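Letter by letter, the chains look like this.
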Amino acid sequence: EEGISVKEYADRLGLKAQEVIMKLMGMGVMVTINQPIDPDAAVLLAESLGIGVEVQSEESEDVLLGTEGEDSGQLVSRPPVVTIMGHTDHGKTTLLDAIRKSKIAEAEAGGITQHIGAYTIMEKDRNITFLDTPGHEAFTAMRARGAKVTDVVILVVAADDGVMPQTVEAINHSKAANVPIIVALNKVDKPEANPDRVMQELSGLGLIPEEWGGQTIYCPVSAKKRTGLDHLLEMVLLQADVLDLKANPDRRSQGVVIESKLDKGRGPVATVLVQNGTLRVGDFLVVGGNFGRVRSLINDRGQRVQEVLPSFPAEVIGLDGVPQPGESFVVVEDEKSGRQVAQSRSLKQRSAQMIRQKKVSLEDFYTQM
Ligand code: GTP
Ligand code: MG
């Protein structure tokens, strides 16, 4: 579907077409009567007039971007994306570091560990991407923005401490997001460690171990002594097989912002996770309400690369502003459609903010645009 024209839109809402055109102009959107109406503007305008409209945003943005229907028959398997969660001090950071150090040869990393918010390792000729932002805030922030980035959660539980409040929170978040959990029973090197007791506690929360007839995989590890890591990673790959994760590297890329910053020398820098398609230097990119052309891509080893495949992270340089973590990005065909999407997105963001703040009447809204 092409999206409805301004005239049709006005008819359906019982408005005069001229009135709609004027209001859209007030919002900075220039259209003629027979042109299709921008979906975001359509929703905004109706909302501002107190008229409820049905939103089919995903579909309509796809129409605008011309990305719908690109997936037929070209899907190939992609690496799993893993988030590590768990109670404070249970060893999330130590585990992330242990996996990185054990699985990325120092020589390959050039001796320098690059922290870009995510990294990809190789295990048995297959890749696994870890989001290097452990903790619930990142996960929740992403989810609040509707971004599903994680395929598998590794729940770290210290075997000498057991289930704690943030353990329960992590389980709830993962369940709400419908993401499978693999339990890493950490600190098994400690004499006080009592894995059996922890397994019992977690069983009470629905994570019944496979060996007890349940569905949950448990991996005893010591992040400190770096033991049990191979088994843990094997289990992640097994889970990935079950999930049958796929992407289409041939389509225009889309994904999500993991981290972002304003760098003195390089300008806005966003670490993105490519979720579909292949991201390339030179691509036109819309990120949240920002727009840009990819000037350079830097992988998690600090190397400049020409392209980034699905489930891999990279730093993107070339944006006109700093996007928020959790915001999604899409590659668009040309600069014009990019600016259009970015504009309608930032319009939507600003109006949502104003409406939240309840600061403005409808008239103020238009004069402030
Ligand atoms: P927050 O970031 O505060 O939530 O903590 P975290 O979960 O990242 O824990 P972190 O990795 O910082 O580890 C906390 C403490 O536990 C540190 O002193 C680690 O050295 C120690 N630790 C982590 N893993 C192990 C382990 O396998 N064995 C032992 N003995 N100590 C560990
Ligand atoms: Mg930590």
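These figures come from a predicted structure and were not determined experimentally.

Below, the discussion takes up the overall build of the protein. A tally of regular secondary structure across the protein gives eleven helices and 17 strands. Of all 369 residues assigned to the protein, the portion counted as buried reaches 49%. Counted over contacts in the protein with a minimum sequence separation of 6, partners at least 24 positions apart contribute 72%. Surface exposure of the protein reaches about 17900 Å², of which carbon and sulfur atoms provide 49%.

Note that R252 resides in the loop between β8 (246-247) and β9 (254-263). E333 provides the closest opposite charge to the buried, salt-bridge-free R252, at an N-O distance of 4.1 Å. Polar side-chain contacts of R252 include one of 3.3 Å to the backbone oxygen of V331.

On to the site of ligand 1. The environment of ligand 1 is formed by 15 residues, the closest being T88, K92, T93, T94 and D189. T88 is positioned such that a nitrogen or oxygen atom in its side chain is 2.9 Å from an oxygen atom of ligand 1. It is helix α5 (residues 92-103) that contributes the most residues to the shell around ligand 1, three residues altogether.

With twelve residues, α5 should cover 16 Å at 1.5 Å per step; its first-to-last C-alpha distance of 17 Å lies within 8% of that length. Those residues of α5 that fall on the buried side of the exposure criterion are K92, L95, L96, A98, I99 and R100.

Below, the discussion takes up the confidence of the model for the protein. Of all residues in the protein, 80% have pLDDT values of 70 or greater, and the mean over the chain is 83. Reported confidences for the modelled complex are a pTM of 0.77 and an ipTM of 0.99.

Right, let's get into the pattern of salt bridges. Once the charged atoms of two side chains with opposite charge are near each other, the side chains can pair. Summed over the entire model, instances satisfying the criterion amount to 14 salt bridges. Across the pair D151 and R78 runs a salt bridge whose closest N-O atoms are separated by 2.9 Å. Taken together, the residues D151 in the loop between α6 (136-144) and β5 (152-158) and R78 in the loop between β1 (76-77) and β2 (81-86) connect sequence positions 73 residues apart. The pair formed by D151 and R78 is uniform in burial state, with each residue classed as buried. When salt bridges with common partners are traced through the structure, they connect K261, D263, R266 and E315 into a single cluster.

With that out of the way, let us pick up the UniProt feature "binding site: GTP" (unreviewed entry) in the protein. The residues that UniProt annotates with the feature "binding site: GTP" (unreviewed entry) are D132, T133, P134, G135, H136, N186, K187, V188 and D189. Looking at the element boundaries, N186 is found in strand β6 (residues 181-186). What N186 contacts, discounting residues up to four positions off in sequence, is H90, G91, V156, V157, A158, A159, V221, S222 and A223. You can see K187 is positioned in the loop between β6 and α8 (195-203). Not counting the four nearest positions on each side in its chain, K187 is found in contact with D89, H90, G91, A158, D160, A193, V221 and S222. One polar contact links the side chain of K187 to the main-chain carbonyl oxygen of D89, over a distance of 2.7 Å.

All right, on to the packing of aromatic side chains then. Taken as a whole and judged by the stated rule, the model has two aromatic pairs. With a centroid separation of 6.2 Å and 5° between ring planes, the pair formed by F284 and F291 is classed as stacked. Comparing F284 with F291, the two get one shared label, buried.

Here we take up the side chain of T150. Topologically, T150 is positioned in the loop between α6 and β5. A distance of 2.6 Å separates polar atoms of two side chains, one belonging to T150 and the other to T83.

It is worth spelling out the packing of α5 against helix α9 (residues 229-243) at this point. Their axes nearest at 11 Å, the elements α5 and α9 cross at an angle of 95°. Taken together, the axis directions place α5 and α9 in an arrangement best described as roughly perpendicular. In this structure, α5 uses L95, A98, I99, S102 and K103 to contact α9, whose residues at the interface are L229, D230, L232 and L233. For the contact of α5 with α9, the residue count by class is six nonpolar, one polar and two charged.

A word on the pairing of strand β16 (residues 313-319). Taking burial as the measure, the seven residues of β16 include seven buried ones, the bulk of the element. Bridging between strand β10 (residues 267-276) and β16 involves five bridges; their strand directions are antiparallel. Opposite L273, over in β16, you have P313 as the bridge partner. Here four bridges tie strand β13 (residues 290-298) to β16, and the two strands are oriented antiparallel to one another. Across the sheet, I298 pairs through a bridge with E315, a residue of β16.

On to the sheet that holds strand β4 (residues 126-131). Reading across the sheet, the six strands line up as β3-β4-β2-β5-β6-β7 and stay open at both edges, with mixed pairing between neighbours. Looking along the sheet, the strands with just one partner apiece sit at the ends: β3 (118-123) and β7 (217-220). For this sheet, the mean angle separating the axes of adjacent strands, direction not counted, is 30°. The sheet contact formed by β5 and β6 spans six bridges and is parallel. Pairing of V156 across the sheet is with A184, part of β6. Sheet strands touched by α5: β2, β3, β4, β5 and β6. Its angle to β3, the strand with the most contacts, is close to 50°.

Our focus in this paragraph is unusual backbone geometry. The backbone of N178 sits at a positive phi, close to 60°, despite the residue not being glycine. Along the chain, N178 falls in the loop between α7 (165-176) and β6. By relative accessible area, N178 is classed as exposed at 66%. In this model, S311 sits at a positive phi of 75°, which is unusual for a non-glycine residue. Within the secondary structure, S311 sits in the loop between β15 (307-308) and β16.

What counts as what
- Residues numbered from 1 in each chain as written.
- Chains lettered and ligands numbered in written order.
- Predicted model: local features only at pLDDT ≥ 70, side-chain atom pairs only at ≥ 80, totals over all residues.
- Heavy atoms only, no water.
- Helix = DSSP H or I, 4+ residues; strand = E, 2+ residues; numbered from the N terminus.
- Buried < 20%, exposed > 50% of the residue type's maximum accessible area, 1.4 Å probe, protein only.
- Contact = heavy atoms within 4.5 Å.
- Areas by Shrake-Rupley, 256 points an atom, 1.4 Å probe, with all protein chains shown as cover.
- Lys, Arg positive; Asp, Glu negative; His and termini not counted.
- Salt bridge = Lys/Arg side-chain N within 4 Å of Asp/Glu carboxyl O.
- Polar contact = N/O pair within 3.5 Å; in protein donor to acceptor, adjacent residues only side chain to side chain.
- Near = heavy atom within 4 Å.
- Expected span 1.5 Å × (residues − 1).
- pLDDT = per-residue confidence, 0-100.
- UniProt positions renumbered as here; feature names shortened; annotations may be inferred.
- Phe/Tyr/Trp six-rings, centres within 6.5 Å; stacked < 30°, edge-to-face > 60°.
- Axes fitted to C-alpha atoms, helices over the stretch in contact; angles between N-to-C directions.
- Parallel < 35°, antiparallel > 145°, perpendicular 65-115°, else oblique.
- Nonpolar A, V, L, I, M, F, W, Y, C, P; charged D, E, K, R; others polar.
- Pairing = 2+ DSSP bridges.

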